[in-house]
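Overview (structure and organization)
Listed below, chain by chain, are the residues.
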Amino acid sequence: MKLISRVSGKEIREGRTLHGHSGPAAPHAWRFERISLHRDGVHRVHVSRPGGRVGRIHRAFHPSDFGCEVRVEITWRRTVRHAVTRTWSKVDDYLLAGLFALVPLAFFEHYHWLDVVSMLGLDGK
């Protein structure tokens, strides 16, 4: 998610100062903290400003109060690529583990079949 200024069209980074244009944010300058998604499905801009002895005052406003909009990036390609990479990594690990598990089994079978082969006379001696 990105906070985009409607005036300049540029992205606003975290930590920048926002000036309220309308609503309860109007008379103050706020520091942009993050974008949060509320339960009602609307994005809010989480901001703070100095509050004197109390420390910092934290509030969440609608982006339009600062003349901004929230642009959501579509990241499904990155999600699918990550899932495929993790799946192939697991498959690769399990194939390698299976190969290593077969080596002792081959020695075990070879050792125990030597008696049977020699009893049947198939050892070529």
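Scroll up to find the structure.
So, here's what we can say about the structure. (Residues numbered from 1 in each chain as written. Predicted model: local features only at pLDDT ≥ 70, side-chain atom pairs only at ≥ 80, totals over all residues. Heavy atoms only, no water.)

Turning to the overall build of the protein chain, a few remarks are in order. The helix and strand tally for the protein chain stands at 1 helix and 7 strands. What you see in the protein chain, going N to C, is helices and strands ordered as β-β-β-β-β-β-β-α. Its C-alpha atoms give the protein chain a radius of gyration of 32 Å, more than 25% over the compact-globule value 14 Å for 125 residues. The C-alpha extent of the protein chain, read off along each of the three principal axes, is 100 × 35 × 25 Å. Sorting the 125 residues of the protein chain into buried and exposed places 18% on the buried side. Partitioning the intrachain contacts of the protein chain with sequence separation of at least 6 by distance along the chain shows that 38% fall at a separation of at least 24. Surface summary for the protein chain: the accessible area is close to 10,100 Å², and the carbon and sulfur share equals 59%. Taking the 20 positively charged and 12 negatively charged side chains of the protein chain as two groups, their mean positions are separated by 18 Å. (Helix = DSSP H or I, 4+ residues; strand = E, 2+ residues; numbered from the N terminus. Rg over C-alpha atoms; globule rule 2.2 N^0.38 Å. Buried < 20%, exposed > 50% of the residue type's maximum accessible area, 1.4 Å probe, protein only. Contact = heavy atoms within 4.5 Å. Areas by Shrake-Rupley, 256 points an atom, 1.4 Å probe, with all protein chains shown as cover. Lys, Arg positive; Asp, Glu negative; His and termini not counted. Charge placed at Lys NZ, Arg CZ, Asp CG, Glu CD.)

Our next topic: the sheet that holds strand β2 (residues 11-12). Spatially, the 3 strands line up as an open sheet ordered β2-β1-β7, and their pairing is antiparallel. The open sheet has two edge strands, β2 and β7 (68-71), and neither has a second partner. Of the pairings in the sheet, the one linking strand β1 (residues 2-5) to β2 comprises 2 bridges and is antiparallel in character. Within β2, the residue paired with L3 across the bridge is I12. (Pairing = 2+ DSSP bridges.)

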